[in-house]
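Geometric and topological summary
These are the residues of each chain, in order.
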Amino acid sequence: MAEGYSILVDTSKCTACRGCQVGCKQWNELPGTQTKNVGSYENPQDLSFETYKVVRFAEGSNGDGKPYWNFFSEQCRHCLSPGCMAASEKDEIVQDEKTGAVLFTPETKNLDFKATLEGCPYNIPRQDPKTKVLSKCTMCFDRITNGMIPACVKSCPTGAMQFGERDKVLDVSKKRVEELKKTFPKAIAINPDDVRVIYIVTNDPKTYWKFAAGK
Amino acid sequence: MTNHWIDLRNSDCILVMGSNAAANHPISMKWVQKAKDNGAKLISVDPRFTQTSARADIYAALRSGSDIAFLGGMIKYIIDNDKYFKDYVVNYTNASFIPVEKYNFDDGLFSGYDPKTRKYDSSFWAIKKDSAGIPERDITLQNPGCVFQLLKKHYSRYTPEKVSEITGTPINDLTKVYETYAATGTKDKAGTIMYAMGWTQHTVGVQNIRTMAIIQLLLGNMGIAGGGVNALRGESNVQGSTDQGLLFHILPGYLRMPTSNLATLEAYNKAITPKTADPMSANWPQNLPKYSVSLLKSFWGDKATIENDFGYGWLPKPDLGRNYSWLNLFDEMYEGKIKGFFAWGQNPACSGANANKVRQALAKLDWLVNVNIFDNETGSFWKGPGMDPKKIKTEVFMLPCAASIEKEGSIANSGRWVQWRYKAVEAPGKAKPDGEILTELMIEIRKLYKKGGKFPDPILNLKWDYTDDHGDFDAHKVAKELNGFFLKDVTIQDKQFKKGDPVPAFGFLQADGSTSCGNWIYCQSYNADGNNMARRKKDDPTGLGLYPQWSWCWPVNRRIIYNRASVDLDGQPWNPARPLLKWVDGKWVGDVPDGPWPPMSDSKNGKYPFIMKPDGLGAIFGPGLADGPFPEHYEPLECPVPANLMSGQFVNPTVKIFKGEMDKHLTCDPRFPFVGTTYRVTEHWQTGIMTRWQPWLVEAAPQMFVELSEELAKLRGINNGDKVKVSTIRGEVDCVAIVTTRFRPFKMGDLTVHQVGMPWCFGWMVPKDGGESANLLTPNVGDPNTMIPESKAFMVNITKA
Amino acid sequence: MTVTRREFLVISGAVGAGLALSSLGIDMGPVRAYADDLKKIDKIKTAKQTTTICPYCAVGCGLICSTNTKDKKIINIEGDPDHPINEGALCAKGAGLFQTTSNNPNRLKKVLYRAPGSDKWQEKSWEWAIKEIAKKVKTTRDANFIEKNANGEVVNRVEAIAHIGSAALDNEELWPLQAMMRALGLVYIEHQARI
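Residues numbered from 1 in each chain as written. Chains lettered and ligands numbered in written order. Predicted model: local features only at pLDDT ≥ 70, side-chain atom pairs only at ≥ 80, totals over all residues. Heavy atoms only, no water.

1. A few points about the state of the cysteines
Residue and element names in this part refer to chain B. What counts here: Criterion for a disulfide: a pair of cysteine sulfur atoms at a distance within 2.5 Å.
All told, the structure shown has zero disulfides over all chains when counted by the stated rule. Not engaged in a disulfide, the cysteine Cys 350 finds its nearest cysteine sulfur in Cys 761; these two sulfurs lie 10 Å apart. Looking at Cys 523, it has no disulfide partner, and the nearest cysteine sulfur is the one in Cys 517, 4.6 Å off.

The following block contains the structure:
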């Protein structure tokens with residue numbers, strides 16, 4: 001559906017300040033988990049039932065021999081046709097008509113987690129081992145239905161994250177990609193027709209995160 | 001900052017050097033991005049490719065400690081390629097001045113150096129003055145003895161080849177940076193510099209900044225929107241704490257601390273008041289006695305009278321020429337000469353360079369008072385690693401204080417905006433706002449001194465009434481004192497004021513004891529209009545993002561200082577598209593002008609733009625510093641090369657070298673063959689003592705690490721994620737290795753020099769397995785002007801643990 | 001100070017109009033049960049809102065604290081969208097400011113004293129601590145007061161007591177703090193700016 005909302009994540013403006021990662025924890029009252037430094041700035045190592053947003057760090061060398069450091073602030077894509085919903089028969093997972101937000105209800109504890117996870121092209125759903133409830137980004141449904149923008153979008157200083165009506169976001173995305181192509185010929189928006197959370201990258205998505213464009 | 005945060009968006013070229021703004025001043029990138037959206041170029045110059053570099057249009061690597069070489073090359077480029085803004089340079093800077101004949105520079109030393117005292121006699125750098133006492137000038141800038149030609153000669157040695165060999169930056173990269181930045185030398189372009197501790201934490205720290213100030217003056221970037229020299233201050237209120245004079249050498253408002261040789265107020269006021277014979281120089285510091293007397297009235301209230309020199313004698317006097325700053329303080333403490341210590345909202349056990357020395361020094365105290373919101377390595381030093389509590393006699397008082405949201409008051413950001421903030425909740429448990437704690441402590445001390453004791457006068461005469469009717473600390477009362485009051489009915493400039501009225505602005509302060517003012521630069525912050533610091537209006541008449549009615553900034557709400565340099569001699573903006581200031585119908589429109597006088601073309605009343613300098617002009621030649629009027633490249637105290645390629649003078653010849661058992665340093669030694677540096681991460685704050693207690697932040701940055709190049713990792717057999725040990729002659733720290741493409745070895749002629757870097761946000765207390773402080777490694781040697789330690793460049797070894 | 005809580009949808013680029021979603025009349029449907037569990041938003045709507053400035057770096061971002069009027073505890077801290085510098089944005093530290101409040105069990109809440117040679121803290125009262133510290137200041141100051149220096153100049157200073165801190169304090173606390181230390185005769189007065 002073309003209505004509803006979208007989030008644009010323009011990685012060409014991201015500085016990895018992790019305001020989004022912590023802002024999500026703050027708003028959703030999620031705990032900080034135990035982590036170790038395994039040789040990267042990236043932490044936690046993965047999404048979990050307690051981490052809905054994680055900034056991925058990837059580095060390497062460009063063709064011109066200069067280093068690059070890519071930041072990919074990962075979260076649920078809120079797909080238009082959510083693959084996770086295939087396993088859901090009794091509205092354990094719902095897609096809100098007005099906003100397009102894909103929401104896991106507490107009833108997800110009755111779902112086959114493995115099947116649900118496999119259904120997701122982006123490796124997003126996670127399960128609480130105790131309660132078996134599944135969780136992920138909610139698009140800050142409670143905020144966006146109360147005149148507020150998602151916590152992550154709000155915290156973003158550079159405008160790397162933007163939120164608004166889907167058709168307008170698609171428009172901004174298209175224009176930005178055209179602009180970026182002048183300096184970065186490989187710039188693309190990732191699967192803009194399929195997802196509500198649209199990432200713009202300036203290089204092969206795999207140089208950001210292995211699942212950036214899907215598994 | 002001469003400018004401010006939002007103003008960054010007005011820039012055409014932003015150089016981030018000596019700073020990783022994206023990581024350490026993250027929200028500044030909002031305005032950097034806006035500048036980029038408008039076509040501006042972002043340049044990142046850093047030994048390591050950082051988050052800032054990831055967003056930069058141009059990245060150039062340089063070895064830590066070689067910034068003057070890099071920038072000296074830019075000065076040469078600007079002059080050789082005629083990129084400087086001629087009208088600006090001739091009219092607004094001292095480029096046309098002529099230093100005295102005995103000024104000279106040879107093989108790394110300026111004339112006037114005494115190797116015994118390791119000090120310069122700055123009379124060798126004096127400026128020639130005519131019979132009227134006005135500096136002689138050569139406005140053609142052709143006289144070989146004029147500042148401009150001396151500048152050209154000095155930096156003629158900074159060729160791209162020489163610079164590249166010193167910095168390890170490829171010549172192509174140097175040229176790219178120079179070309180791009182020097183393009184801001186035209187009237188319609190603005191270039192700005194964002195710098196921080198990457199420049200100040202060196203034995204040539206101040207000269208690093210001076211080199212950039214010279215570049216900005218050459219390019220006409222001072223005083224304009226999108227230009228300036230922007231120091232990104234470190235802490236939420238370090239601007240305020242410096243403004244309020246919490247450093248040994250200054251009183252509030254940057255008045256010099258009176259020294260032992262100045263026995264009377266008259267002698268003091270004479271010493272701090274510069275003179276000029278040039279009627280076109282405003283020489284604003286000639287007003288300083290009004291501010292010093294008003295300050296004394298704030299200290300002592302009615303007890304300060306003209307008969308007792310306004311209480312001048314009650315101020316303690318440091319000895320002239322003696323330095324009581326941080327490095328000397330801890331040296332004295334280590335020697336057992338300091339018995340009592342207040343570590344108030346600070347964690348020196350982790351923030352002090354050569355932290356082992358600091359920790360051992362703490363153990364020699366008789367008593368320590370530690371005020372903080374969390375437990376920390378300083379207050380608990382006695383149970384730290386290597387400490388035997390049984391042997392430590394220090395009595396320690398840990399006082400719990402309020403966090404920022406548990407009290408009301410103002411803080412000054414780096415852009416000099418003094419913003420009021422409010423109390424949301426009471427402090428938890430027994431914690432109290434610092435204002436309460438210090439009020440109660442002084443009341444108790446005064447009680448004791450009422451019964452007798454050594455020289456009780458200053459203690460008993462101190463005005464100490466900053467409480468409300470309930471006896472609670474009242475921030476508004478202090479704020480009003482900082483603004484200042486009239487102490488009797490007066491008429492000034494045709495305006496009538498009554499005793500007790502707030503002073504409208506510092507132009508009204510008097511030297512006769514009729515006004516009090518805690519801090520002249522804060523005068524106007526809380527006047528008859530109310531608490532200007534609490535304003536929240538979003539009007540922006542110039543469209544340049546000044547927001548003149550959002551909070552209040554010093555001085556007198558002037559948002560961009562030196563703004564008289566943003567216009568031509570007739571008062572018209574150099575760049576009409578960015579009208580910061582404009583002379584229209586006999587008055588200034590735009591920002592608060594740097595003084596009300598008409599433009600310079602008014603030969604009777606016009607004034608030069610740099611009103612805080614006695615000569616009124618921007619200093620390209622700067623004779624007031626300890627280590628020279630022109631910046632010169634010297635190697636860091638601990639460096640990787642056997643000689644300084646620029647001259648025979650290896651290290652800054654005026655630095656103090658500590659010689660105690662704990663003051664070890666070593667250069668060009670095979671045991672410590674790599675350059676080490678320290679920096680920060682977004683997720684932790686300074687020593688980490690606030691953030692290491694917070695689960696969300698520890699989750700994101702859990703452990704001490706060291707970043708090193710793939711090449712160095714190979715050399716040492718280190719894989720990404722391995723546990724390693726980084727050591728200097730002073731200490732060692734365990735780290736997780738981050739092997740990265742973002743550090744590359746520096747090719748410096750025939751030498752290959754490796755560099756590593758670490759954050760200094762960890763400490764033994766928390767989290768478990770978090771790691772220790774990088775300051776266990778850093779050297780306690782400081783810049784000769786500021787004594788800021790050289791934490792950014794020292795020599796280390798790295799091995800698998 | 002109370003502030004009207006306004007939010008705007010758009011950060012930049014005019015993506016959609018700045019409309020309040022609450023005017024859209026969303027049909028909650030089967031999601032309603034889930035929405036009932038989201039109680040934080042309701043608490044925030046009735047909370048006391050105060051503005052503050054971030055205590056970390058010197059950009060000086062604005063934040064809004066929401067304090068629950070029932071138990072007087074802070075329940076949410078996020079960016080102030082009206083602040084012209086950050087426009088509601090916050091980095092990781094500012095975004096996590098909630099964990100500096102009393103909600104963090106590690107906050108120091110007691111006055112503690114460590115005796116000579118001891119390996120532990122003892123809890124003390126404020127009264128006791130203030131009195132003891134004042135006594136120590138006087139004893140050390142009086143025993144080490146320097147009236148004249150080696151040149152015979154009157155200096156009236158104390159070198160045996162030093163003070164450092166703090167760039168984290170308010171201006172209105174800092175000014176009296178340096179006044180107090182100078183009135184006591186201290187010359188070793190330093191803080192974060194020096195390092």
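Moving on, there is more to tell.
2. Side note on the interface of chain C and chain B
Threshold: Pairs of residues are marked as contacts when any of their non-hydrogen atoms sit within 4.5 Å. For any pair of parts, buried area is found by adding up, for both, the accessible area (1.4 Å probe) each one loses once the two are put together. Salt-bridge detection follows one rule: a side-chain nitrogen of Lys or Arg within 4 Å of a carboxyl oxygen of Asp or Glu. Polar contact is defined as a pair of N or O atoms within 3.5 Å, subject to the rule that within protein one atom must be able to donate a hydrogen and the other to accept it, and that residues adjacent in sequence are counted only when both atoms are side-chain atoms. A helix here means a DSSP run of H or I that spans at least four residues, while a strand means a run of E at least two residues long, and both kinds are numbered starting from the N terminus. When DSSP finds two or more bridges between a pair of strands, those strands are recorded as paired.
At the junction of the two partners, chain C supplies 117 residues and chain B supplies 161 residues. The junction of chain C with chain B conceals about 12300 Å² of combined surface from both sides, 64% of it contributed by carbon and sulfur atoms. Counting the contacts that link chain C with chain B gives nine salt bridges. Across the pair Arg107(C) and Glu406(B) runs a salt bridge whose closest N-O atoms are separated by 2.7 Å. Applying the counting rule to chain C against chain B returns 77 residue pairs in polar contact (both at pLDDT 80 or more). Elements supplying a minimum of two residues to the side of chain C that touches chain B: β1 (48-53), β2 (62-67), α3 (92-95), β4 (111-114), α4 (126-144), β7 (154-164), α5 (171-183) and β8 (186-190) of chain C. As paired strands, strand β14 (residues 395-400) of chain B and β4(C) are joined by three bridges and run antiparallel to one another. Pairing of Val396(B) across the sheet is with Arg114(C), part of β4(C).

3. Concerning the sheet that holds strand β2 (residues 41-45) of chain B
Residues and elements named next belong to chain B. To keep things clear, this is the line we draw: A fitted line through C-alpha atoms serves as each axis, taken over the contacting stretch for helices, and the angle formed by two N-to-C directions is quoted from 0 to 180°.
Strand order in the open sheet formed by five strands is β3-β2-β1-β8-β9, and the pairing between neighbours is parallel. Two strands in the sheet have a free side with no partner beyond their single neighbour: β3 (58-60) and β9 (229-231). Across the sheet, the mean angle separating the axes of adjacent strands is 15° when strand polarity is ignored. Sheet strands touched by helix α2 (residues 28-37): β1 (13-17), β2 and β8 (191-195). Its angle to β2, the strand with the most contacts, is close to 130°. Packed on one face of the sheet, helix α4 (residues 67-80) meets β1, β2 and β3 and runs near 155° to β1.

4. Topic: the sheet that holds strand β9 (residues 188-189) of chain A
All names here are of chain A. Spatially, β8-β1-β10-β9 is the arrangement adopted by the four strands of the open sheet, whose pairing is mixed. In the strand order of this sheet, the two ends are held by β8 (161-165) and β9, each with one partner. Pairing between strand β1 (residues 5-10) and β8: five bridges, direction antiparallel. Bridged to Leu 8 within β8 is Gln 162.

5. Describing the interface of chain A and chain B
Rules: Side-chain classes follow a simple rule in which Ala, Val, Leu, Ile, Met, Phe, Trp, Tyr, Cys and Pro form the nonpolar group, Asp, Glu, Lys and Arg form the charged group, and the remainder, Gly included, forms the polar group.
The partner chain B presents 39 residues to the 38 residues of chain A that form the contact. When chain A packs against chain B, the two sides together hide about 3100 Å² of surface, and 52% of this comes from carbon and sulfur. The largest per-residue losses of area from chain A upon contact with chain B belong to Asn37(A), Tyr41(A) and Trp69(A), which jointly make up 21% of the total buried on that side. Inspection of the region where chain A meets chain B yields four salt bridges. A salt bridge links Arg18(A) to Glu683(B), with the shortest nitrogen-to-oxygen separation between them at 2.8 Å. Our count for the contact surface shared by chain A and chain B stands at 20 residue pairs in polar contact (both at pLDDT 80 or more). Of all elements in the fold, only α1 (19-28), β2 (54-61) and β3 (67-74) of chain A reach the threshold of two or more residues within the side of chain A that touches chain B. Along the lines of polarity and charge, the residues of the side of chain A that touches chain B split into 14 nonpolar, 17 polar and seven charged.

6. Concerning the side chain of Asp243(B)
All names here are of chain B. The line we're drawing: For each residue, the accessible area found with a 1.4 Å probe, counting protein chains only, is set against the maximum for its type, and the residue is called buried under 20%, exposed over 50%, and partly exposed in between. Only four residue types enter the charge count, namely Lys and Arg as positive and Asp and Glu as negative; His and the chain termini do not.
Relative to the assigned elements, Asp 243 resides in helix α11 (residues 238-243). This buried residue, Asp 243, is left without a salt bridge; Arg 233 holds the nearest opposite charge, at 5.9 Å. Apart from the residues within four sequence positions on either side, Asp 243 is in contact with Pro 252, Gly 253, Tyr 254, Ala 412, Asn 519, Ile 521, Tyr 522 and Trp 554.

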